[in-house]
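# Commentary on secondary and tertiary structure
Residue-level listing of the chains:
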Amino acid sequence: VTMSAGVRKLALAIHLTVSVGWIGAVVAYLALGVTAATSDDADTIRGAWLAMEAMGWFAIVPLALAALVTGLVMSLGTRWGLVRHYWVLISFGLTLFATVVLVLHMPSVTVAADIARTADLAGLQALGGDLAHPGIGLVVLLVVQVLNVYKPRGMTRYGQRRQRSGASRVEVAGERVGA
Amino acid sequence: MADPTTRRDPGQPAEPAPAGAPRWVKVFGIVVIAVVLFAVVLALAGGGHGPGRHLPGGDAGAEAPADGHVPPEGGHG
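Residues numbered from 1 in each chain as written. Chains lettered and ligands numbered in written order. Predicted model: local features only at pLDDT ≥ 70, side-chain atom pairs only at ≥ 80, totals over all residues. Heavy atoms only, no water.

### Some points on the overall build of chain A
Under the convention used in this document: Each helix corresponds to a stretch of at least 4 residues labelled H or I by DSSP, and each strand to a stretch of at least 2 residues labelled E; elements are numbered beginning at the N terminus. We compute the radius of gyration over the C-alpha atoms and compare it with the globule rule, which gives 2.2 Å times the number of residues raised to the power 0.38. The classification of residues rests on relative accessible area computed with a 1.4 Å probe and restricted to protein chains. Under 20% of the type maximum is buried, over 50% is exposed, and intermediate values are partly exposed. Any two residues whose heavy atoms approach within 4.5 Å at even a single point are treated as in contact.
Looking only at helices and strands, one finds six helices and zero strands in chain A. Listed by position from the N terminus, the elements making up chain A come as α-α-α-α-α-α. Whereas a compact globule of 179 residues would reach a radius of gyration of roughly 16 Å, chain A reaches 22 Å, over 25% beyond that. In terms of its C-alpha atoms, chain A occupies a principal-axis envelope of roughly 85 × 30 × 25 Å. Expressed as a percentage of the 179 residues in chain A, the buried residues total 42%. Of all intrachain contacts in chain A linking residues separated by at least 6 positions in sequence, the fraction that spans at least 24 positions is 82%.

### Comments concerning unusual backbone geometry
Residues and elements named next belong to chain A. In this model, Asp130 sits at a positive phi of 50°, which is unusual for a non-glycine residue. The topology assignment puts Asp130 in the loop between helix 4 (121-126) and helix 5 (132-150). The class for Asp130 is buried, based on a relative accessible area of 7%.

### Some points on the nonpolar core
All names here are of chain A. Quick note on the threshold: Among buried residues, the Ala, Val, Leu, Ile, Met, Phe, Trp, Tyr and Cys ones that are joined through side-chain atoms within 4.5 Å form a nonpolar core.
With 39 residues, the main nonpolar core has Trp22, Trp49, Ile60 and Leu127 as its most contacted residues. Taken together, the elements giving at least two residues each to this core come down to helix 1 (5-38), helix 2 (42-76), helix 3 (86-118) and helix 5. Counting residues per element, this core draws most heavily on helix 3, which supplies 13 residues. Residue contacts for Trp22: discarding those within four places in its chain leaves Ile60, Leu63, Ala64, Ala67, Thr95, Ala98, Thr99 and Leu141.

### Considerations on a positive patch on the surface
Residue and element names in this part refer to chain A. What counts here: Each patch groups residues whose relative accessible area exceeds 30% and which form no salt bridge, using 9 Å between like charges and 5 Å between nonpolar side chains of Val, Leu, Ile, Met, Phe, Trp and Tyr. Methods summary: accessible areas were calculated by the Shrake-Rupley approach with a probe of 1.4 Å, and residue burial reflects only the protein chains presented. Each salt bridge in this description consists of a side-chain nitrogen of Lys or Arg and a carboxyl oxygen of Asp or Glu lying within 4 Å of one another. His is not counted, nor are the chain ends; Lys and Arg add positive charge and Asp and Glu add negative charge. A charged residue contributes its charge at one atom only: NZ of Lys, CZ of Arg, CG of Asp or CD of Glu.
A surface patch of positive charge is lined by Arg8, Lys9, Arg79 and Lys151. By the secondary structure assignment, Lys9 is in helix 1. With a relative accessible area of 63%, Lys9 lands in the exposed category.

### Some remarks on a nonpolar patch on the surface
All names here are of chain B. There is a patch of nonpolar side chains on the surface, built from Val32, Val36, Val40 and Leu44 and spanning about 350 Å² of accessible area. Checked against the element boundaries, Leu44 lands in helix 1 (residues 23-46). Exposure remark for Leu44: the relative accessible area of 70% places this residue in the exposed category.

Limitation: the analysis is restricted to geometry and does not speak to function.
Below you can see the structure in the form of structure tokens.
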């Protein structure tokens, strides 16, 4: 399936928007996490955790799912394919991994936010700041971003077979036209 | 049935073997394996992870009930 130029540009615009938005939302989440981990004020820590829960469920998870789906559409609807080029395959694998970890991790953020609603300062400080998951996630998303921008060379065996069979078809068709 | 458009003459040389993965893919794979091993070691040594790991009872995410309700320390009694 190959998309028309107009549809491809629209899909690309949506994919870029949600992908970069996902990175921005994770950076904002990290800022709240640092605040929760370092503040001595109970209301500030409580507010940070409540904001982290809302941001996670209502911004980061939807952006992640949208980036995954639009990435799949972009790969399957263009000449790049999903499994023809290593950079596309790795990029999709990392995006899928980050999305799965995010969705599995968010319930524990909800539990921490529920605790934060009623905990005293000692309890709030015991929650920490949830820095590891978003920190590692941000690194993964930046790797995906670099792969998508630089598109390093290298075709999979499947991609090489498809390329050869496509070239053979063009060659045979050319011979028939010339005959 | 073979695709007639890809049929080759008997005298034609065989298709070249597909090229292996480029160097950046191999380096990337090694880095990923190293990071995964490091994470596994950390998880085994640290005894769990997540924002609730400092709470009584360990990882809140792993031990929380399905409805997300966490009883206060010492129970409701």
